[in-house]
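As a plain string of letters, each chain reads:
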Amino acid sequence: LKGRKPLNVFLTGPTGVGKTASAKYVLRELEENFDRAKSLYLNCFEYNSRPAVLAAIANFVGAGIPRRGLATDELFTKMLESMRKCGFTPIVILDEVDQLLVSEQNSKILYDLLRIVEYEKDRLGIILISNDIELTAKLDSRIKSSLAEQTIIFEPYTPEQLKSILKERADLSFQKNALEKEVVNVAAAHAAKVGGDCRVAIESLLKAGRLAERENTGIVTIENLQKSFEDVDAASLVKGVSSLSKDELVLLKIITENQPVNSGKIYELYSKDKKNELKERRLRDVLSNLEKKNFLSLKNVSMGNKGKTK
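Residues numbered from 1 in each chain as written. Predicted model: local features only at pLDDT ≥ 70, side-chain atom pairs only at ≥ 80, totals over all residues. Heavy atoms only, no water.

Below, the discussion takes up the overall build of the chain. When you go through the chain residue by residue, the secondary structure sums to 13 helices and 7 strands. When its C-alpha atoms are laid out on the principal axes, the chain stretches across 60 × 60 × 40 Å. On the chain, the mean spot of the 49 positive side-chain charges and the mean spot of the 43 negative ones are 4 Å from each other. (Helix = DSSP H or I, 4+ residues; strand = E, 2+ residues; numbered from the N terminus. Lys, Arg positive; Asp, Glu negative; His and termini not counted. Charge placed at Lys NZ, Arg CZ, Asp CG, Glu CD.)

Among the 7 residues in strand S3 (residues 89-95), 7 count as buried, and that is most of the element. What you see with S3 is no split at all: Thr 89, Ile 91, Ile 93 and Asp 95 on one side and Pro 90, Val 92 and Leu 94 on the other are buried throughout. Of the strand pairs in this sheet, strand S2 (residues 37-43) and S3 are connected by 7 bridges, and their pairing is parallel. Bridge pairing in S3 places Asn 43 opposite Asp 95. (Buried < 20%, exposed > 50% of the residue type's maximum accessible area, 1.4 Å probe, protein only. Pairing = 2+ DSSP bridges.)

Turning to its location among the elements, Asp 112 is positioned in helix H5 (residues 104-118). When neighbours within four sequence positions are excluded, Asp 112 is seen to be in contact with Arg 50, Leu 54 and Phe 76. (Contact = heavy atoms within 4.5 Å.)

Turning our eyes to something else, we now look at the pattern of salt bridges. According to the stated counting rule, one finds 8 salt bridges in the structure shown. In this structure, Glu 257 and Lys 253 form a salt bridge, with 3.0 Å as the shortest nitrogen-oxygen distance. Note that Glu 257 and Lys 253 are positioned in helix H11 (residues 246-257) at a spacing of 4 residues, about one turn of the helix. With respect to class, Glu 257 is no different from Lys 253; both count as exposed. Look at the salt bridges and you will find they share partners, linking Arg 50, Asp 112 and Arg 115 into a network. (Salt bridge = Lys/Arg side-chain N within 4 Å of Asp/Glu carboxyl O.)

Looking along the chain, the bond that leaves Gln 259 and enters Pro 260 is cis, with omega of -15°. If you trace the backbone, Pro 260 turns up in the loop between H11 and helix H12 (263-271). Even without glycine at this site, Glu 96 takes up a positive phi of about 55°. Mapped onto the elements, Glu 96 comes out in the loop between S3 and helix H4 (98-101). Classification of Glu 96 as buried rests on a relative accessible area of 11%. Despite not being glycine, Asn 216 shows a phi value in the positive range, around 55°.

Attention now moves to the side chain of Thr 136. With respect to the element layout, Thr 136 can be found in the loop between strand S4 (125-130) and helix H6 (141-147). A polar side-chain atom of Thr 136 sits 3.3 Å from a polar atom in the side chain of Glu 149. Setting aside anything within four residues of it in sequence, one finds Thr 136 in contact with Phe 10, Lys 144, Leu 147 and Glu 149. (Polar contact = N/O pair within 3.5 Å; in protein donor to acceptor, adjacent residues only side chain to side chain.)

We now examine the sheet that holds strand S5 (residues 150-153). Pairing is parallel in the open sheet, where 5 strands are placed in the order S2-S3-S4-S1-S5. Of all the strands in the sheet, the pair left with one neighbour each is S2 and S5. Adjacent strand axes in the sheet meet at a mean angle of 15° when their direction is disregarded. Strands in contact with helix H2 (residues 50-60) are S2 and S3; relative to S2, the strand with the most contacts, it is inclined by about 150°. (Axes fitted to C-alpha atoms, helices over the stretch in contact; angles between N-to-C directions.)

Moving on, we come to H12. Since one α-helical turn is 3.6 residues long, residues separated by three or four positions face the same way. Within the span of H12, buried status applies to Ser 263, Ile 266, Leu 269 and Tyr 270. Down the axis, H12 shows its buried residues gathered within 125° of arc, on one side only. Among the residues of H12, the N-terminal cap falls to Asn 262, whose side-chain oxygen and the backbone nitrogen of Gly 264 are separated by 3.1 Å. (Arc of directions from axis to C-beta.)

Attention shifts here to the packing of helix H3 (residues 72-85) against H5. Closest axis-to-axis distance for the H3/H5 pair is 12 Å, and the angle between their directions is 35°. When you trace H3 past H5, the crossing you get is right-handed. Every residue of H5 that contacts H3 at Phe 76, Met 79, Leu 80 and Met 83 is listed here: Asp 112, Arg 115 and Ile 116. Its residues assigned to classes, the contact of H3 with H5 shows 5 nonpolar, no polar and 2 charged. (Left-handed = near helix turned anticlockwise from the far one by under 90°. Nonpolar A, V, L, I, M, F, W, Y, C, P; charged D, E, K, R; others polar.)

Keep in mind that these numbers describe shape and distance, not what the molecule does.
Structural data, given as structure tokens:
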């Protein structure tokens, strides 16, 4: 608003805790009150290549990129030319950005965008969103230093917060007295148990409502709700797996194939592959993170004279 370069922001935290909703809400508020900034939202599951992201930004600032496609350098030049004429500061949201960074070639998009600010002196804001809290630590050192991001960590919702959100949604969505007394509390408790994902709670309530409607019971029961949990949990698990990092997937594979297994053995098996780079302390953090996401159950065990293990 003061005409300065915007800060780059990294929003992180588990699935379903409001990262995307918050980013969109704040930028919508900004755009409704001022015309100096405009936001472009890109989900990197869809925009999963460097040319796709550059073309989307170029069109957003008025370049009119043809559908036949252009070379990456040409895309960058056209985007830059249009950005200088557009009269506003673009704020680019890259959601699920880890999907873009799996390939070294595609990860150069961050270098492209940071170059605009650092070398071309044009204003541009970048918001990165990812479930992987360590994402920015893994970036190339040149990108990391130029990004100089402000990190905002979204914690999982507590059962009380989930209850409050669900009650508000239920009041808007259902007729009065259409829910059995404990339905909202049970849905909130279930979502808290599977990692504080608000979408799990809302989706469960929606499915329970549809089930009650089909059965023409006149009221949503605890039984309707419990039937909905299985479908919702399965869908949530599939989505959760798709957002895991390479190291998280490697560790889950090791653990699944070597049950029962302790943390020392996991690190031993993980270290056998020279491509794996995590140190033991960092590996413990990843295991704790997987537990928070409800993929693992960890338990501290005493090994007598040998100390403790998980």
